[in-house]
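Residues per chain, in single letters:
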Amino acid sequence: MPDSVTGDERLYWHGYSYVIDLSGAILADYEPDELQQVAARIGEPYGVYVSCESMDAARVFLRQVLDGFDGLVDTNHFEILPANEFLTLVNRHPAWDWRRQPSTEVR
């Protein structure tokens, strides 16, 4: 359902609430060189922004959505990881907060 404030999609799933922006507008937050690096890895990028109410909500959502996904995940910690590598780290280190700790510290 659309969020009444932002117009983004709101999802209620497994007891959690998510705001999802499928417009691709999140790509405007990236520097041109970052987008070039992403394009070199996967082709023309399409960005999806997901806001979660908690890290637990994020883990539930990402474990489901990223399983089998062939793309990249921006950790917001100066890292853009392949989805399968990100998901492996999330499963191997359940308490990992990728927003505050680089993946190199949990490998």
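Refer to the structure above for everything that follows.
All of these numbers come straight from a predicted model, not from anything done at the bench. (Residues numbered from 1 in each chain as written. Predicted model: local features only at pLDDT ≥ 70, side-chain atom pairs only at ≥ 80, totals over all residues. Heavy atoms only, no water.)

It is worth spelling out the overall build of the chain at this point. Of the regular secondary structure elements, the chain holds three helices and five strands. In sequence order, the chain lays out its α and β elements as β-β-α-β-α-β-β-α. Radius of gyration (C-alpha) of the chain: 14 Å, near the 13 Å computed for a compact globule of 107 residues. When its C-alpha atoms are laid out on the principal axes, the chain stretches across 35 × 30 × 25 Å. Looking at the chain as a whole, 33% of its 107 residues qualify as buried. For the chain, long-range pairs separated by at least 24 residues make up 44% of all intrachain contacts whose partners lie at least 6 apart in sequence. (Helix = DSSP H or I, 4+ residues; strand = E, 2+ residues; numbered from the N terminus. Rg over C-alpha atoms; globule rule 2.2 N^0.38 Å. Buried < 20%, exposed > 50% of the residue type's maximum accessible area, 1.4 Å probe, protein only. Contact = heavy atoms within 4.5 Å.)

Before going further, it helps to spend a moment on the nonpolar core. Grouped together as the largest cluster of nonpolar side chains are 18 residues, with contacts concentrated most on Leu62, Leu66, Phe86, Trp96 and Trp98. Every element with two or more residues in this core is listed here: β2 (16–21), α2 (55–66) and α3 (83–92). Of the residues forming this core, the biggest block, six residues, is contributed by α2. The residues contacting Leu66, other than those within four sequence positions of it, are Val73, Ala83, Phe86 and Leu87. (Core = buried A, V, L, I, M, F, W, Y, C linked by side-chain atoms within 4.5 Å.)

Here we come to the packing of α2 against α3. The N-to-C vectors of α2 and α3 enclose an angle of 140 degrees; their axes lie 10 Å apart at closest approach. The angle between the axes of α2 and α3 places the two elements in the oblique class. In this structure, the crossing between α2 and α3 has a hand that is left-handed. Along the contact surface, α2 presents Arg59, Leu62, Arg63 and Leu66, while α3 presents Ala83, Phe86, Leu87, Val90 and Asn91. (Axes fitted to C-alpha atoms, helices over the stretch in contact; angles between N-to-C directions. Parallel < 35°, antiparallel > 145°, perpendicular 65-115°, else oblique. Left-handed = near helix turned anticlockwise from the far one by under 90°.)

The subject of this paragraph is α3. Listed as buried for α3 are Ala83, Phe86, Leu87, Leu89 and Val90. The buried side chains of α3 occupy one side of the element, clustering within an arc of 160 degrees when seen end-on. For α3, exposure combined with an orientation more than 90 degrees from the buried face picks out Asn84 and Arg92. If you follow the buried residues of α3, they end up packed against α2, β4 (72–74) and β5 (80–82). (Arc of directions from axis to C-beta.)

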